[in-house]
Number of protein chains: 2
Amino acid sequence: MEERNFVITGDIVHSKSPGELETLENGCLVCIGGKSAGLFPALPGEYRNLPQKDYGGKLVLPGLSDLHVHAPQFGFRALGMDLELLDWLNKNAFPEEAKFQDCEYAGLSYGMFVEALRRSPSCRAVIFATLHTPATVLLMEKLEEAGLVCFVGKLNMDRNCPPYLREESAAVSLSSTREWLEQSESKLKSANIRPILSPRFIPSCSDELLRGLAGLQKEYGRKRPLPLQSHLSENRQEIEWVKKLCPQSRTYAGAYSDFGLFGEAGPAIMAHCVWPEDEEIELIKKRGVFIAHCPQSNTNLSSGIAPVRRFLEAGLRLGLGTDVAGGVHLSVFRAMSDAIQVSKLRQALLAPEEKALGLEEAFYLGSAGGGAFFEQAGMGRSGSFDAGNDFDALVIDDMNPVSGLASPLHLSLRDRLERLVYLAADGNINAKYVRGLQVL
Amino acid sequence: MEERNFVITGDIVHSKSPGELETLENGCLVCIGGKSAGLFPALPGEYRNLPQKDYGGKLVLPGLSDLHVHAPQFGFRALGMDLELLDWLNKNAFPEEAKFQDCEYAGLSYGMFVEALRRSPSCRAVIFATLHTPATVLLMEKLEEAGLVCFVGKLNMDRNCPPYLREESAAVSLSSTREWLEQSESKLKSANIRPILSPRFIPSCSDELLRGLAGLQKEYGRKRPLPLQSHLSENRQEIEWVKKLCPQSRTYAGAYSDFGLFGEAGPAIMAHCVWPEDEEIELIKKRGVFIAHCPQSNTNLSSGIAPVRRFLEAGLRLGLGTDVAGGVHLSVFRAMSDAIQVSKLRQALLAPEEKALGLEEAFYLGSAGGGAFFEQAGMGRSGSFDAGNDFDALVIDDMNPVSGLASPLHLSLRDRLERLVYLAADGNINAKYVRGLQVL
């Protein structure tokens, strides 16, 4: 194994807090044992003998985290975008996901997804697979080979979905999940890829299944955290449906909570939260549940615009999700500018008191904000270069004339970051490090 | 001069109408004298001897039209995106535009803009320059050299703008405009680049200047159409301001009309129209004024979402504008997906009765819809391959594995178009023809 001790020089930008960037022109980053030893204007004497990689004039940013993405949907991204959530699931998502019963197809499609993710600005991702155990394990192996840090979920779904993509019963779904958890333990070689429980959403899971998953999370969580991901309050029709399915629960979030799936037995992450009620926001906060804000998907599926300013003011923990294939772009830079843009429309047209996101905030969400989920879930701190964090870094050749970012202006490091965020010029990623290993 | 007679083979897609695509797998397009002779499933015998260019397996689309873009703002695209229109003009646009008094700087910045436009999917553009005559002529020469078809406007602005970017008086502005019109006539070699009168917007132009421009349009329009472009109803503060400046006019559009600048003396194109009143829509229709819909700019500057469905139902003529640098992307593919996306938010959140745009409609707006303005303004029909149109075409290598568009699915031509529109993968433009000449 490589020693993972080295120094990088370049134009460094990362977040100090949601409102504050730290920038360092021609600075040094030190990696020791795969972790950041900090950033320095000049290299401290003690590190003089380390190998140095000179990225002079290039931007060096922390690796980004994609908190919500559906790997099997990558193949049909940017297709059939004229439907709302429930129709979209039936027409686009379910028929494609059913193909992953066939490991050969899964290998082809997941191969494309993993390669695209490797080339993307994300060093970490929280991923939905399908309900199929072999294909899900295959995806995990491919992600491991690519060197990324990911949570991957085999889905649970035993009701309200077509017969060709439905687990026979709660018992079958739970025993497949156990089998998958055991395989994840035995087949993966590194600690980079971990399982995450993934009930699709309440409409797809029977009460018995949801209760069983809470039991599994508790049981497996005794050794090490077993996190859980699902969808929450994405679409108004969906919310009404959940209210009918769970008449005893006060809210959609409350329904997860009533089943013991809302942070009680391990870290939880919920995608969307476009239409939260006040008491859901309180519950999310109380339980330390993460929100994966997916602005492009919420636009593409006509779901709405999540009240991110309210989340930030309430002190919730959140990051960004590309939500491919509700979103079409695998770039978290694009998710950042989408987040800013929809927040502007929300402020201008719906809620003048909810100030639009600024660049600093959007960048924070896509880097340190999302990175914090991995820490909570026992996978190391990431998303900034603070000493002690896992060394996840991107090197981007934004000033190269072929980058498509030509400008006659003198640009500050903040300017250069703003251009990346808006122009999502991912083709210019020069190098990418995950936990101190170069993966691109 | 080349003969501009040839045949192209490839996978052809263009619009028959706003709601209908025509697709032809492995079809033929014939160019005779720079004009389309039509598209054919198999090559008619009479064209057998023409030179053939085989783009088998690649998408062949009509060239797109960008109906609204500010060339001098290209340098600061994707910078300082946290302001609304009037502050944004004062802080970002005016200081940068002032630099174009210096022809050396103009050469550098316009060089970057023209190269980016040449590489973009636009074959045609309607462009704002600055108030400076020499720099504007330089821009026109560079665009001519690049082989594009453009209307370019030297700006008029004699009030409510900073002293460093204001023409001394209406008389000075009008005489500079005459001088620029004469130079456009004498210095340009081809008929590809033509002037367009460009009062910035009502707040920047005195009544005397606006009246004078109406006179110029009438006078010069006797020989051939001299079109006019400006901005209309972009931002709510701006609209209030115009109402104060023109208390005698019923509406913002009415104010242009009261000065004789709303299609009376030649073709007119108005950017934005985010907040139109009913009687403005009627006036726009009556006068055949074109709307340049600029969805991304309207989002970035928190202006709002234009009611495009109402425009279409009213039978207005419209196309898309990137509005760099209110928009940050020079790609009309991106403008198409932006248009679809904001229309979904408008329907979901503001106006349920205004159906969101579909793929066919957005593609139509960016190709034939915008292309129709050039016909109205005497520059030839474009935007589809109908026989008799100018031969403007894009060849896009979307199925190449390096395109970033990998998919395990079998894709129809419509699918492939949808992916281009959403993923705006402009880096894959293989070839571009304008009036039958290859420019890329």
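Residues numbered from 1 in each chain as written. Chains lettered and ligands numbered in written order. Predicted model: local features only at pLDDT ≥ 70, side-chain atom pairs only at ≥ 80, totals over all residues. Heavy atoms only, no water.

**Student:** Could you clarify how one ought to interpret the sheet that holds strand β6 (residues 122–128) of chain A in this entry?
**Tutor:** Pairing between the strands of a sheet is mediated by backbone hydrogen bonds and can be parallel or antiparallel. All names here are of chain A. Taken together, the four strands give an open sheet; going across it, the order is β5-β6-β7-β9, and neighbouring strands pair in parallel fashion. Two strands lie at the open edges of the sheet, namely β5 (64–70) and β9 (193–195), each paired on one side alone. In this sheet, neighbouring strand axes are inclined to one another by 20° on average, regardless of whether the strands run parallel or antiparallel. Across five bridges, β5 lies against β6 in parallel orientation. Across the sheet, residue serine 65 finds its bridge partner in β6, namely arginine 124. Together, β7 (149–153) and β9 form the strand contacts of helix α4 (residues 170–187), whose direction differs from that of β9 by roughly 160°. (Pairing = 2+ DSSP bridges. Helix = DSSP H or I, 4+ residues; strand = E, 2+ residues; numbered from the N terminus. Axes fitted to C-alpha atoms, helices over the stretch in contact; angles between N-to-C directions. Contact = heavy atoms within 4.5 Å.)

**Student:** Is there a simple way to think about the relation of the copies chain A and chain B in this case?
**Tutor:** Relating the two copies of this chain is a rotation about some axis coupled with a shift parallel to it. Mapping chain A onto chain B calls for a rotation angle of 180° and an axial translation of 0.0 Å; the resulting RMSD is 0.0 Å. What we have between these two chains is a two-fold relation. Here 100% of the interface residues in chain A have copies in chain B that are interface residues too; the copies meet face to matching face. (Least-squares fit on C-alpha atoms with pLDDT ≥ 70 in both.)

**Student:** What am I meant to see in the interface of chain A and chain B here?
**Tutor:** Reports often express the size of an interface as the amount of accessible area lost when the parts come together. On the side of chain B, 45 residues touch chain A, which itself brings 44 residues to the contact. Both sides together, the interface formed by chain A and chain B hides about 3,900 Å², and carbon and sulfur atoms give 61% of it. On the surface where chain A and chain B come into contact, there are zero salt bridges. Put simply, chain A and chain B have 18 residue pairs in polar contact (both at pLDDT 80 or more) between them. Listing elements by their share of the side of chain A that touches chain B, those giving two or more residues are α2 (103–119), α9 (295–300), α11 (332–350) and α13 (413–423) of chain A. Considering each element in turn, the side of chain A that touches chain B owes the most residues, eight residues, to α11 of chain A. (Buried area = accessible area lost by both parts, 1.4 Å probe. Salt bridge = Lys/Arg side-chain N within 4 Å of Asp/Glu carboxyl O. Polar contact = N/O pair within 3.5 Å; in protein donor to acceptor, adjacent residues only side chain to side chain.)

**Student:** Got a minute to help me understand empty space enclosed by the protein in this structure?
**Tutor:** The method is simple in principle: a probe with the dimensions of a water molecule rolls over the atoms, and the space it marks as empty is what remains. Tallied over the full model, the rule gives nine cavities of 30 Å³ or more. The calculated volume of the largest cavity comes to roughly 170 Å³. Every residue lining the largest cavity is counted, 16 residues in all, and those nearest its centre are Asp338, Gln341 and Val342 of chain A together with Gln341 and Val342 of chain B. Sorting the residues of the lining of the largest cavity by element identifies α9 and α11 of chain A together with α9 (295–300) and α11 (332–349) of chain B as the ones contributing at least two each. (1 Å grid on protein atoms, 1.4 Å probe; cavity = no way out; pocket = protein on both sides within 12 Å on 5 of 7 lines; lining within 4 Å. Points joined across faces, edges and corners; volume = space filled by probe spheres on them.)

**Student:** Can you help me understand the packing of α11 of chain A against α13 of chain A in this one?
**Tutor:** The description of two packed helices rests on the angle between their axes and on the distance between the axes. Residue and element names in this part refer to chain A. Axis separation between α11 and α13 bottoms out at 6 Å; the angle between their running directions is 85°. If you check the angle between α11 and α13, you find them roughly perpendicular. Side by side, α11 and α13 meet where Phe333, Arg334, Met336, Ser337, Ile340, Gln341 and Lys344 of the first sit next to Leu420, Val421 and Tyr422 of the second. Of the residues in the contact of α11 with α13, the class split is six nonpolar, two polar and two charged. (Parallel < 35°, antiparallel > 145°, perpendicular 65-115°, else oblique. Nonpolar A, V, L, I, M, F, W, Y, C, P; charged D, E, K, R; others polar.)

**Student:** What is the right way to look at helix α4 (residues 170–187) of chain B in this model?
**Tutor:** Residues spaced three or four apart along an α-helix point in a common direction, a consequence of the helix completing one turn every 3.6 residues. Residue and element names in this part refer to chain B. For α4, spanning 18 residues, the distance from its first C-alpha to its last is 25 Å, which sits close to the expected 26 Å at 1.5 Å a residue. All of the buried residues in α4 are Ala170, Ser173, Leu174, Ser176, Thr177, Trp180, Leu181, Gln183 and Ser184. Residues of α4 that are buried sit in contact with α3 (133–146), β7 (149–153), β8 (155–156), β9 (193–195) and α5 (207–220). (Expected span 1.5 Å × (residues − 1). Buried < 20%, exposed > 50% of the residue type's maximum accessible area, 1.4 Å probe, protein only.)

**Student:** Can you walk me through the side chain of arginine 416 of chain B in this structure?
**Tutor:** Residue and element names in this part refer to chain B. Position of arginine 416 relative to the elements: it lies in helix α13 (residues 413–423). Assessed through its relative accessible area of 4%, arginine 416 is described here as buried. Engagement of the side chain of arginine 416 in a polar contact is seen with the backbone oxygen of glycine 57, the distance being 2.9 Å. Once residues lying within four places of it in the same chain are set aside, the contact partners of arginine 416 are Asp11, Gly57, Lys58, Leu59, Asp398, Met399 and Leu411.

**Student:** Sorry, what's going on with the pattern of salt bridges here?
**Tutor:** Side chains that differ in sign of charge can pair as their charged atoms come close. Considering all chains together, one arrives at 49 salt bridges over all chains under this definition. A salt bridge links glutamate 219 of chain B to arginine 178 of chain B; the nearest nitrogen and oxygen atoms lie 2.8 Å apart. Taken together, the residues span a long stretch of sequence, with glutamate 219 of chain B in helix α5 and arginine 178 of chain B in helix α4 at a distance of 41 residues. For arginine 178 of chain B, a relative accessible area of 35% translates into the label partly exposed. Through salt bridges with shared partners, a single ionic network connects Lys35, Arg124, Asp390, Asp392 and Arg435 of chain A.

**Student:** Whenever I open this one, the domain arrangement of chain A confuses me. Can you help?
**Tutor:** Residue and element names in this part refer to chain A. For chain A, the assigned domains are domain 1 (6–63 + 383–438) and domain 2 (64–376). Every contact between the two is made by 30 residues of domain 1 and, on the other side, 30 residues of domain 2. The interface formed by domain 1 and domain 2 includes three salt bridges. In this structure, arginine 124 and aspartate 392 form a salt bridge, with 2.5 Å as the shortest nitrogen-oxygen distance. In this structure, the connection of domain 1 to domain 2 is made through twelve residue pairs in polar contact (both at pLDDT 80 or more). Where the side of domain 1 that touches domain 2 is concerned, the elements lending two or more residues are β1 (6–17), β2 (20–32), β4 (52–62), β15 (393–396), α13 and β16 (429–434). Ranked by the residues each element gives to the side of domain 1 that touches domain 2, the list is headed by α13, at six residues. Taken together, the residues of the side of domain 1 that touches domain 2 sort by class into 16 nonpolar, six polar and eight charged. (Domains from an automatic or database assignment.)

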